Structures are given as structure tokens and as C-alpha cells.
Amino acid sequence: NLCFQNFDTLLESLMFGTWSSDELRVGNSPLALTIERHFIDINQYQVMRGAQVNTLSMTTNTENYTTLSFDLIGRSLTGLSNTSVSASPYTAQSDFDAFFHCEGEVEEGGVVLGIVTSVDISFTNNLTANYVIGNCDADDITPGVIDITGTLTVNLVDNTLINKFMTGAYSSLKLTLADGAGNSMSFYLPKIKYTAANAPIESGSGLISLSLPFTAV
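Once a new chain begins, its residue numbering starts again from 1 and follows that chain's sequence as written. Local features in this predicted model are restricted to residues of pLDDT 70 or higher, and side-chain atom pairs are both shown and tallied only at a pLDDT of 80 or more, whereas totals for entire chains, interfaces and linings draw on every residue. Excluding hydrogens and water, the side-chain values take into account all heavy atoms of the structure.

**Q** Quick question: what am I supposed to make of the pairing of strand β10 (residues 147-155) here?
**A** Two faces belong to every sheet, and in a regular strand the side chains alternate between them. Note on pairing: two strands pair once DSSP finds at least 2 bridges between them. Strands here mean DSSP runs of E at least two residues long; helices mean DSSP runs of H or I at least four residues long; both are numbered from the N terminus. Here 8 bridges tie strand β7 (residues 116-124) to β10, and the two strands are oriented antiparallel to one another. Looking at β10, one finds that I121 is bridged to G150. Relative to strand β13 (residues 209-216), β10 runs antiparallel, the two being bridged by 7 bridges. Looking at the pairing, N155 lines up with S209 of β13.

**Q** I'm lost on the nonpolar core in this one. Help?
**A** Generally speaking, soluble globular proteins have nonpolar side chains that are buried together. Grouped together as the largest cluster of nonpolar side chains are 34 residues, with contacts concentrated most on L2, V119, L152 and F214. Put simply, the parts of the chain that give this core at least two residues each are α1 (8-15), β2 (44-61), β3 (67-73), β7, β10, β11 (170-178), β12 (184-194) and β13. Sort the elements by how many residues they give to this core and β12 lands first, with 5 residues. It only takes one pair of heavy atoms within 4.5 Å for two residues to be counted as in contact. Not counting residues within four places of it along the chain, the set of residues in contact with V119 comprises M58, T59, T60, V106, T151, L152, L173 and L175. By nonpolar core is meant a set of buried Ala, Val, Leu, Ile, Met, Phe, Trp, Tyr and Cys residues that side-chain atoms within 4.5 Å join together. A 1.4 Å probe rolled over the protein chains alone gives each residue an accessible area, and that area as a share of the maximum for its type sets the label: buried under 20%, exposed over 50%, partly exposed in between.

**Q** Hey, could you run me through the pattern of salt bridges in this one?
**A** Any two side chains of opposite charge can pair if their charged atoms end up close together. When a carboxyl oxygen of Asp or Glu is within 4 Å of a side-chain nitrogen of Lys or Arg, the pair counts as a salt bridge. The full count for this structure, using the stated rule, is 2 salt bridges. Across the salt bridge formed by E23 and R25, the nearest N and O atoms sit 2.9 Å from each other. When its relative accessible area of 61% is taken as the criterion, R25 is described as exposed. Linking K164 and E108 is a salt bridge whose minimum nitrogen-to-oxygen distance equals 2.8 Å. Of this pair, K164 sits in helix α2 (residues 160-167) while E108 sits in strand β5 (residues 105-108); the two residues are 56 residues apart in sequence, bridging distant segments of the chain. Judged by relative accessible area, K164 falls into the buried class, the value being 19%. Judged by its relative accessible area of 6%, E108 is buried.

**Q** Would you mind going over the packing of aromatic side chains with me for this structure?
**A** Here is the rule: rings of Phe, Tyr and Trp (six-membered ring for Trp) pair when centre to centre is within 6.5 Å. Planes less than 30 degrees apart are stacked, more than 60 are edge-to-face, and the remainder are tilted. Overall, the coordinates contain 3 aromatic pairs when judged by the stated rule. Centre to centre, the rings of F4 and F96 are 5.2 Å apart; their planes meet at 85 degrees, and the pair counts as edge-to-face. Of this pair, F4 sits in the segment before α1 while F96 sits in the loop between β4 (76-77) and β5, and the two are 92 residues apart along the sequence. Cation placement over rings: the criterion is NZ of Lys or CZ of Arg within 6 Å of the ring centroid and within 35° of the ring normal. Between K191 and the ring centre of Y170, over which it is positioned, the NZ or CZ distance is 4.4 Å.

**Q** Help me understand the side chain of S76, please; the structure alone is not making it clear to me.
**A** Structurally, S76 can be placed in strand β4. With residues up to four places along the chain from it excluded, the contact list for S76 reads V47, M48, R49 and D137.

**Q** Even after reading the chapter, I still don't get the side chain of S171, so can you show me in this structure?
**A** Take S171: it is sitting in strand β11. Separated by 2.6 Å, the side chains of S171 and E108 make a polar contact. Pairs of N or O atoms within 3.5 Å make up the polar contacts considered here, provided that, within protein, one atom can donate a hydrogen while the other can accept it, and that residues adjacent in sequence are counted only when both atoms are side-chain atoms. Polar side-chain contacts of S171 include one of 3.4 Å to the backbone nitrogen of G109. Sequence-distant contacts of S171, defined by excluding residues within four places in its chain, comprise E108, G109, K164, P190, K191, I192 and Y194.

**Q** Which parts of the structure should I look at to understand the state of the cysteines?
**A** Note: disulfide means a covalent bond formed between the sulfur atoms of two cysteine side chains. We call a pair of cysteine sulfur atoms a disulfide when they lie within 2.5 Å. Scanning the model with the defined rule gives 0 disulfides in all. Not part of a disulfide, C3 finds its nearest cysteine sulfur in C102, a span of 17 Å. The exposure class of C3 is buried, given its relative accessible area of 8%.

Structure below.
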């Protein structure tokens, strides 16, 4: 579950950037991490070195907390060991509440949109681990062009969003999440383009849901 500050380092690795004045932008500075996993029941450790975040999938809806899923690519992975690579205990994460939709807000085209039921955003760095003969570890990791896609789902109330898809108009999307204690995070895509507009009509009563896949450009 996404909460304030707890994933800042992974987000820096994803974005190839550095937090500055509480803002993180897509940059060109790779951040390689050392990730240690502790199997508590058997007290064994495993270490991935040179790890970089390749993909992030984020989901916000009206049923659950905002969730994140990271996929990493590393240069090497050790076998299990009785000993941690850290000489001292790790610092515990900050104890902030997870972000829930009740404290959220979505802006589409610079206007607060009060009909959104879910937002899904995916980031893909298209990283490649490069290997050479004579070494089982990756020689290096090279980035590709970042792809940012997603889906905005709303209750269908008028033709505004459908028309943006039909005309090929560009728009923007800003998702703001908060925890109720004054802590918040915003994800801002300044230029997106909708690639479809799906509004299936089912039998019975209820609202019609409009699903709008998009890509950031």
C-alpha cells in the first residue's frame, strides 16, 4: 500500500531523478540499489546488487488502499546466507497511514473531476541487463525510453471525455492522494492522449462506466 515517504528511494530509481523541494521529475541519473531479503522463519538472507526499478504499476480505486507493484532488474543475486550485509539493524519505515480514496482528488485537463472511480498508471523503463561471456552477473544495465500508460475510469455523465478521445485532443491528469493527517502525494502527467473510450452497456440498472486508456506523451 502506498503511504507518505516510504517508497521515495524506489521512486527515485524508477524516475532516474532526485527529490528536490518535494518534487521528483523524470531525469537521466540512474540509481542502483542493494536489496536484501530476509527469510525470517529460517533466518536466511539473500541480496540483489545493482538493482534498478524497471516497472511500477499503481492502482487507486474506491474499494481499496492505493497499491504499488515494483519490478526490479539487478546485476547480481546471491544465494542464501546466514549473515546480513548490513552491520547494523535497518532503519524502520515511517509509520504513516496508507493513502485511501476518501482523501484523494483527480484533475483532468486542469479541472477537478468528481466522477472518477479508478485510476491505473504504469511506468516502464524498458531496462536491459547486458551479459558477457565469462561472467554470470550482468555487465551493466541500460535504460530504454520510458513508457507511461494507464486507464482513467469514470461514471459517464456527458460527452466531454469521449469527445477528447474522438478528436484526438491532448489533456492532462493529476492524481493527488492524502492520508488524513496532512500528508499528501501528487502524480502529474502534463500531456496525455486517450487511446480508447469503452462504455459497455449491461442489462439492468445502474451507472454506465466509461473506461479511458491513455498514454503519456
